[in-house]
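Below, each chain spelled out in residue letters.
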Amino acid sequence: MSKVAAVGACVIGLTLAHSEASAETKQDLVDDRAMGRCTGCTFEDIDASGERMVGIDLSGSTFRNVDFSKSSLRLAIFDQAVLENVSFDGADLGGASFADARLINVSFVGAELDAAVFDDARLKETELESAHLCNTQMPTGFLDTSDCG
């Protein structure tokens, strides 16, 4: 089963029984991409590197040990999510939102964060400065334009 098919299964399952959301599989994450939404999901130990999940709504979800390296996550919504030991290295997160999210040991090395939003996000062992920052709203509310050119 492809990674894309897995994400869709998660969305369908959560639509039917949101309160029973538990650790979803890599396939569930990919299937959700097709559906565009998987709020309140839990994803652990998943390699989703190189996936294309543009505009997916993952609000309130939990991610532990997930690799999104080199993925396309433009306009993705991670609002109020918990991300722990997650890699977005080299990912395209233009316009993505992490408002009020909790990020613990999250890597953004070489990630594109153009117009991304981190309003009220809580960062622990996480640095955004290793990413490309252009019109990026930082957790403090400051608009970082350091990499605009």
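Residues numbered from 1 in each chain as written. Predicted model: local features only at pLDDT ≥ 70, side-chain atom pairs only at ≥ 80, totals over all residues. Heavy atoms only, no water.

J.: Help me understand the nonpolar core in this model?
T.: Most often, soluble globular proteins keep nonpolar side chains buried together rather than apart. Within the largest apolar cluster, 35 residues are counted, with the highest numbers of intra-cluster contacts made by Phe63, Phe78, Leu83, Phe88, Leu93, Phe98 and Phe108. Those elements giving two or more residues to this core turn out to be β2 (42-47), β3 (62-67), β4 (82-87) and β5 (102-107). Other than its neighbours up to four places away in sequence, Leu83 contacts Phe63, Phe78, Phe88, Phe98, Ala101, Arg102, Leu103, Ile104 and Val106. (Core = buried A, V, L, I, M, F, W, Y, C linked by side-chain atoms within 4.5 Å. Buried < 20%, exposed > 50% of the residue type's maximum accessible area, 1.4 Å probe, protein only. Helix = DSSP H or I, 4+ residues; strand = E, 2+ residues; numbered from the N terminus. Contact = heavy atoms within 4.5 Å.)

J.: Help me understand the confidence of the model for the protein in this model?
T.: Low-confidence regions, as indicated by low pLDDT, have predicted coordinates that should not be scrutinised in detail. Of all residues in the protein, 77% have pLDDT values of 70 or greater, and the mean over the chain is 84. Overall, residues 1-22 carries pLDDT values under 50, and its contacts beyond four positions in sequence, including any with other chains, amount to 71 contacts. (pLDDT = per-residue confidence, 0-100.)

J.: Just to check I follow, could you spell out the environment of Ala101 for this structure?
T.: Relative to the assigned elements, Ala101 resides in the loop between β4 and β5. Judged by its relative accessible area of 0%, Ala101 falls in the buried class. Taking the C-alpha atoms as reference points, Ala101 and Asp120, 19 residues apart in sequence, are found 7.4 Å from one another. Ignoring sequence-local partners within four residues, the contact set of Ala101 consists of Phe78, Gln80, Ala81, Leu83, Asp120, Ala121 and Arg122.

J.: Looking at this structure, I do not really get the packing of aromatic side chains. What am I missing?
T.: Geometry of an aromatic ring pair is reported as the spacing of the ring centres plus the angle between the planes. Here the structure, examined in full by the defined rule, presents 12 aromatic pairs. Aromatic pair Phe63 and Phe68: ring centres 5.8 Å apart, planes at 65 degrees, arrangement edge-to-face. By relative accessible area, which is 0% here, Phe68 ends up buried. Judged by centre distance (5.7 Å) and plane angle (75 degrees), the rings of Phe78 and Phe88 are edge-to-face. Linking Phe78 in the loop between β3 and β4 with Phe88 in the loop between β4 and β5, this pair joins segments that are 10 residues apart in sequence. There is no split in this pair, since Phe78 and Phe88 are both buried. Three or more aromatic residues joined by ring pairs form one cluster here, namely Phe43, Phe63, Phe68, Phe78, Phe88, Phe98, Phe108 and Phe118. (Phe/Tyr/Trp six-rings, centres within 6.5 Å; stacked < 30°, edge-to-face > 60°.)

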